[in-house]
Amino acid sequence: MSKLPNIITSIFTIMSKMAAEYNAINLSQGFPNFPVDERLTNIVANLAKKDVHQYLPMAGYPSLLSKIAVLVHNSYGRILQPETEILVTAGATQGIFATIQALVDTEDEVIILEPSYDCYEAPVLLSNAKPVRIALNDDYTTNWETIEKACSSKTKMIIINNPHNPTGKILTITDFEALEKLLRKFPNITLLSDEVYEYITFEEKHISAHTRSALLKRCIVVSSFGKTFHITGWKVGYLVAPEHLMKEIKKVHQFLVFSVNSLSQVAISDYLDIVSVQEISSMYQEKRDYFRQLLKNSRFKLMTCEGTYFQVASYSAISNENDLDFCKRLIMEHGVAAIPISTFYADAKDLHLIRFCFAKDNATLEEAAKRLCSI
Ligand code: PMP
Ligand code: GLN
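Going by an unreviewed UniProt entry, the protein carries the name Aspartate aminotransferase and comes from Flavobacterium frigoris. We quote the UniProt Sequence similarities (unreviewed entry) comment for the protein here in full: "Belongs to the class-I pyridoxal-phosphate-dependent aminotransferase family." For the record of the protein, the UniProt heading Cofactor (unreviewed entry) holds the text "pyridoxal 5'-phosphate".

Accessible area lost when the parts come together is the quantity often used to give the size of an interface. Domain assignment breaks the protein into domain 1 (11–36 + 278–373) and domain 2 (38–271). The distance between the C-alpha centroids of domain 1 and domain 2 comes to 25 Å. Listed as interface residues are 21 residues of domain 1 and, on the opposing side, 27 residues of domain 2. Broken down by element, the side of domain 1 that touches domain 2 gets its largest block of residues, 5 residues, from helix α12 (residues 280–294). When grouped by side-chain class, the residues that make up the side of domain 1 that touches domain 2 number 14 nonpolar, 4 polar and 3 charged.

Across its 15 residues, helix α3 (residues 62–76) extends 21 Å between first and last C-alpha, which sits within 8% of the 21 Å expected from 1.5 Å per residue. On the buried face of α3, the contacting elements are α4 (82–85), β2 (86–89), β8 (237–240) and α11 (262–271). Residue Gly77 follows α3 closely and has a positive phi angle near 75 degrees.

By way of backbone hydrogen bonds, the strands of a sheet pair with one another, either parallel or antiparallel. Across the sheet, which stays open at both edges, the 4 strands sit in the order β9-β10-β13-β12 with antiparallel pairing between neighbours. The open sheet is flanked by β9 (301–302) and β12 (339–340), the only strands paired with a single partner. Across 5 bridges, strand β10 (residues 310–314) lies against strand β13 (residues 353–357) in antiparallel orientation. Bridged to Ala313 within β13 is Ile354.

Further remarks concern the pairing of β13. Working note: regular strand, side chains alternate between the two faces of the sheet. For β13, the tally of buried residues reaches 5 of 5 residues, placing the bulk of the element in the interior. Note: β12 against β13, 2 bridges, orientation antiparallel. When the sheet's bridge partners are listed, Pro340 is paired in β13 with Ile354.

Put simply, α3 and α11 touch, their axes get as near as 9 Å, and they point 40 degrees apart. Between α3 and α11, the crossing angle belongs to the class labelled oblique. You can see that α3 and α11 cross each other, and the crossing is left-handed. Contacts between α3 and α11 involve Ser63, Leu64 and Lys67 from the first element and Gln265, Ile268 and Ser269 from the second.

What follows covers the sheet that holds β2. The sheet built from 7 strands is open, its strands ordered β2-β8-β7-β6-β5-β3-β4 with mixed pairing. Because the sheet does not close on itself, it has two edges, and the strands there are β2 and β4 (130–135). Taking the axes of each pair of neighbouring strands and ignoring which way they run, one obtains an average angle of 20 degrees across the sheet. Two elements, strand β7 (residues 219–224) and β8, share 4 bridges in a ladder whose sense is antiparallel. Looking at β8, one finds that Val221 is bridged to Val240. Packing of α3 onto the sheet brings it into contact with β2 and β8, and relative to β2 it is tilted by some 110 degrees.

The rules behind each value
- Residues numbered from 1 in each chain as written.
- Chains lettered and ligands numbered in written order.
- Predicted model: local features only at pLDDT ≥ 70, side-chain atom pairs only at ≥ 80, totals over all residues.
- UniProt positions renumbered as here; feature names shortened; annotations may be inferred.
- Domains from an automatic or database assignment.
- Contact = placed C-beta atoms within 7 Å.
- Helix = DSSP H or I, 4+ residues; strand = E, 2+ residues; numbered from the N terminus.
- Nonpolar A, V, L, I, M, F, W, Y, C, P; charged D, E, K, R; others polar.
- Expected span 1.5 Å × (residues − 1).
- Pairing = 2+ DSSP bridges.
- Buried ≥ 20, exposed ≤ 12 C-beta atoms within 10 Å, placed from the backbone.
- Axes fitted to C-alpha atoms, helices over the stretch in contact; angles between N-to-C directions.
- Parallel < 35°, antiparallel > 145°, perpendicular 65-115°, else oblique.
- Left-handed = near helix turned anticlockwise from the far one by under 90°.

As structure tokens, this is what we get:
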């Protein structure tokens, strides 16, 4: 008997493993391959010799909580109470899990927008609740009318992911107005806003739920230092939630991890004194533009990318295979790994779309593009 009969090994694990086996360039799982800021690695090296190796307080290193409050204030103008409204988590994944476990109950419904990143469904199912998947429009805009039709007294939570993995779509003011109108009609729905790519948007600025006063009392915002500081392996993120929700989330958090690893928290806290998050978008915008330029003469058709470090591409001009088979062949025959987009849907669709991660040094992007242009 399995509690999660339909949950299989994550596609990110599968494709990265296969990339390693075939010595392919790994543009599948999302992680940067360029060096981490030397200032951060120096902080870690010096800290490791100090007294930072024992448990920190359950909700997070107090100095880090205060600095997150400053970061959120500087980025979005929102004033937070560090002790009651912020929780440091073992990556965004654990924050999302703790939130759903704490707030979603048996037979509740949770709205998940498709295509969807993979970490929302399992915690909903483990709560004996029902994921209700609603498709984004063909251009990946959000259909608020369809969402509203799906809402009822059973709906406990709506999950948004902005900027969106895998499509790179970002929400507009009009989206937030529609969302807020919908939430006014359903006062019992809580919003979970996964904003792990908040500092990676391009032509248009990221609009955070932090800036929408109507949402603050009923919204949990999820962030990830893994994405923001190019340290995905550290698995440190944080949640911001109003005190009455955070109290419940902390009850779960204390028995999932109790507290997040000390060295990382102290290092990030020190690093926040000297780093600016404002340069991240321009660095990734250059990478996005360079990668797109390199693929200009390929047979891949590149979709719009407004944010995140992912580029979705259609291979319809190259092959009729389904996207999983195509990705496997791409690794085995051409030495490049990507993610099949159908895996972001509950029912696999024949979309002929794959996702490349462009958070890579230029030499990697150039070699990958050379291989992709030869197909
Ligand atoms: N949400 C989204 C949309 C993501 O892409 C990721 C990372 N791939 C996460 C959550 C999880 O972030 P973390 O690594 O901090 O757990
Ligand atoms: N979020 C990363 C991606 O979308 C993967 C994280 C993971 O491997 N769990 O590629």
